[in-house]
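Examination of the molecular architecture
Here are the chains, one letter per residue:
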Amino acid sequence: MTDLNTEWMGLSLRTPLVVAASPLSDDLPMLEKLVAAGAGAVVMRSLFEEQIAAEQMAIHRHIDAWVDTNAEARSFLPDRNLFPVGMEPYLSHLKHLRARLDVPVLASLNGATPGGWTDLAQELESAGASAIELNLYDICTDPGMSGAEVEDWQLETVREVVNRVSVPVSVKLSPYYTSVPAFVRRLAAVGANGVVVFNRFYQPDVLLDSLDLDTKLHLSTSAELPLRLHALALLHGRVPVALAATGGIHSGHDAAKAILCGADVVQMASALLQSGPDAMSTILVELQGWLAANGYDSVNEARGIMSLENAPDPAAWERLNYMRMLQGWQSRPGRR
Ligand SMILES: Cc1cc2nc3c(=O)[nH]c(=O)nc-3n(C[C@H](O)[C@H](O)[C@H](O)COP(=O)(O)O)c2cc1C
């Protein structure tokens, strides 16, 4: 049987299969089943910067007095009903999960600007978080703000979180940086222990009938995986951080591809929201089967063999491949 034991940011995992941040973390019986089916770690759903800042202000008793003197003020603040879990219930749920699950449990923070809200990282550590996942989901709408400024701002946020805890910190990224490898190197320099590639960028569609925006969340498919494979291949062995894949992992073969490109672990949400623990056990069996059939005694032996550094044809990951693909299309006989 292929050995699936995995080291991720100093955490020892029985398998490289991780439950991604999602409402799955609210449901302990579901998590117990997912762990029994092969999950090596669990990431809790996020607490959001806006939510934490609003709750912190309320705790300090400024907010209500201020809001009541200014009719407009309520519109600056996020609607509390938007957030299914408050800070205190989150912390006590984290303690509960740590007590009941025998795998690492990561807490998740979601925000991209430095500030007092990052203090919460310390409380998450005290409540037992095995690590902190910081999701830098950011939407840049200000044409006056350059990419460099946005990155500096984000790095400062990461630095604040890292400085508040001694547990590992991984950073969940969007794919939209001019140079993902260079940004990841800067993340490592401010103390990040890992990156998670990539956030799905939730883009509303336009509804022509109602002239409204369709903001429904659609679950992923495996079609989203190649964007992640490409980034993993570029990063593996070239940045001093652990690598996690998220987005489009729906089968053991998808997981194998991500690991071959360099992922230490793969995180899954959509597949598990759709099919629950059955998906986890199917993915585990298929991953283990593929590794065994291809002669790997352990998952560690397979990790990164298709990365830019190790692939038989590294140019296939680079610009050269783009030219080859375009030129190849034109020169193939019989194509219209
Ligand atoms: C319903 C739902 C809720 C999610 N909530 C969070 C969250 O709170 N924090 C976070 O970082 N990611 C969240 N995600 C993103 C997932 O963690 C994951 O990165 C993304 O869905 C891509 O993985 P998948 O293709 O396996 O779904 C959520 C995803 C879904 C579908």
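Look up: the structure comes first, before these words.
Summarised in this report is the structure supplied together with it. Predicted model, so just to flag it, every value in this text is computed and none were measured.

Attention now goes to the overall build of the protein chain. When helices and strands are tallied, the protein chain shows 13 helices and 12 strands. Relative to its length of 336 residues, the protein chain is compact, with a C-alpha radius of gyration of 21 Å against a globular reference of 20 Å. If you line up the protein chain on its principal axes, its C-alpha atoms span 70 × 50 × 45 Å. Seen as two clouds, the 25 positive and the 39 negative side-chain charges of the protein chain have centres 5 Å apart.

Let's shift gears to the site of the ligand. Every one of the 20 residues lining the ligand counts as a neighbour, but Ala21, Ser46, Asn135, Ser220 and Ser270 are closest to it. Within the contact set of the ligand, an oxygen atom lies 2.5 Å away from a side-chain nitrogen or oxygen of Ser220. Note that an oxygen atom of the ligand is positioned 2.6 Å from one of the side-chain N or O atoms of Ser270. A total of 600 Å² of accessible area belongs to the ligand in isolation, and the protein chains cover 89% of it. When each cavity is represented as a set of grid points, the ligand is found to reside in the largest pocket. Looking at the shell around the ligand, the elements with two or more residues in it are β4 (41-48) and α10 (270-275). Here the shell around the ligand is composed, by residue class, of nine nonpolar, eight polar and three charged.

Reading the values: rules and limits
- Residues numbered from 1 in each chain as written.
- Predicted model: local features only at pLDDT ≥ 70, side-chain atom pairs only at ≥ 80, totals over all residues.
- Heavy atoms only, no water.
- Helix = DSSP H or I, 4+ residues; strand = E, 2+ residues; numbered from the N terminus.
- Rg over C-alpha atoms; globule rule 2.2 N^0.38 Å.
- Lys, Arg positive; Asp, Glu negative; His and termini not counted.
- Charge placed at Lys NZ, Arg CZ, Asp CG, Glu CD.
- Near = heavy atom within 4 Å.
- Polar contact = N/O pair within 3.5 Å; in protein donor to acceptor, adjacent residues only side chain to side chain.
- Areas by Shrake-Rupley, 256 points an atom, 1.4 Å probe, with all protein chains shown as cover.
- 1 Å grid on protein atoms, 1.4 Å probe; cavity = no way out; pocket = protein on both sides within 12 Å on 5 of 7 lines; lining within 4 Å.
- Sits in = over half its atoms within 2 Å of the grid points.
- Nonpolar A, V, L, I, M, F, W, Y, C, P; charged D, E, K, R; others polar.

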